[in-house]
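# A closer look at the structure
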Amino acid sequence: MTRSGRILRRYSLDELPQLINVLLGEMSLVGPRPPLPSEVEQYPQDMRRRLVVKPGMTGLWQVSGRSDLSWEDSIRLDLRYVENWSLTVDLVILMRTAMAVMRGSGAY
């Protein structure tokens, strides 16, 4: 990885183009990360609940460990977000995201 690429990844600057998807209404600021089609094919029925909301640029699992979490833990946190959504939760996640990005923690 190049030095500039490392900085872009560490501070999640490589994800800024996703703001275009938010402005187009295809994504939200907060929500589960968009899954790959190959992942969705393998989801058990109960895991498909995470697909009922728009994917987001940030979410509960990103502020709870990001790349340090297992796939199962990230799915569990996404489901918890979907089942317990509120504007307050979104605001807390946005604040925690800003802090995680400034620290550069968990991004690889």
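Structural notes, computed from the coordinates. (Residues numbered from 1 in each chain as written. Predicted model: local features only at pLDDT ≥ 70, side-chain atom pairs only at ≥ 80, totals over all residues. Heavy atoms only, no water.)

### Remarks on the overall build of the protein chain
Under the convention used in this document: Labels follow the DSSP assignment, with helices taken as runs of H or I lasting at least four residues and strands as runs of E lasting at least two, numbered in each case from the N terminus. Just to be clear, the radius of gyration here is over C-alpha atoms, and the globule rule we use is 2.2 Å times residues to the power 0.38. Each residue gets one of three labels from its accessible area relative to the maximum for its type: buried under 20%, exposed over 50%, partly exposed in between, using a 1.4 Å probe on protein chains only. Two residues qualify as a contact provided that any one of their heavy atoms is within 4.5 Å of a heavy atom in the partner residue.
Helix and strand content of the protein chain: five helices and two strands. Its helices and strands in sequence order give the protein chain the pattern α-α-β-α-β-α-α, from N to C terminus. Taking 2.2 N^0.38 as the reference for a compact globule, 108 residues should give roughly 13 Å; the C-alpha atoms of the protein chain span a radius of gyration of 14 Å, in line with that estimate. Taken along the three principal axes of its C-alpha coordinates, the protein chain extends 40 × 30 × 25 Å. In the protein chain, which comprises 108 residues, the proportion classed as buried is 34%. At a minimum sequence separation of 6, the contacts of the protein chain that also span at least 24 residues come to 68%.

### Focus on helix H4 (residues 71-83)
Rule in force here: The span expected for a helix works out to 1.5 Å for each residue beyond the first.
The terminal C-alpha atoms of H4 lie 18 Å apart, and with 13 residues this matches the ideal 18 Å at 1.5 Å per residue to within 8%. Considered for burial, the residues of H4 that qualify are Ser74, Ile75, Leu77, Asp78, Leu79, Tyr81 and Val82. The inward-facing, buried residues of H4 contact strand E1 (28-30) and helix H5 (87-103).

### A closer look at the nonpolar core
We apply this condition: What is meant by a nonpolar core is a set of buried Ala, Val, Leu, Ile, Met, Phe, Trp, Tyr and Cys residues, joined one to another through side-chain atoms within 4.5 Å.
Val30, Leu60, Trp61, Val63, Leu77, Tyr81, Val82 and Ile93 form the largest nonpolar core, which has eight residues in total. With three residues, H4 is the largest single contributor of residues to this core.

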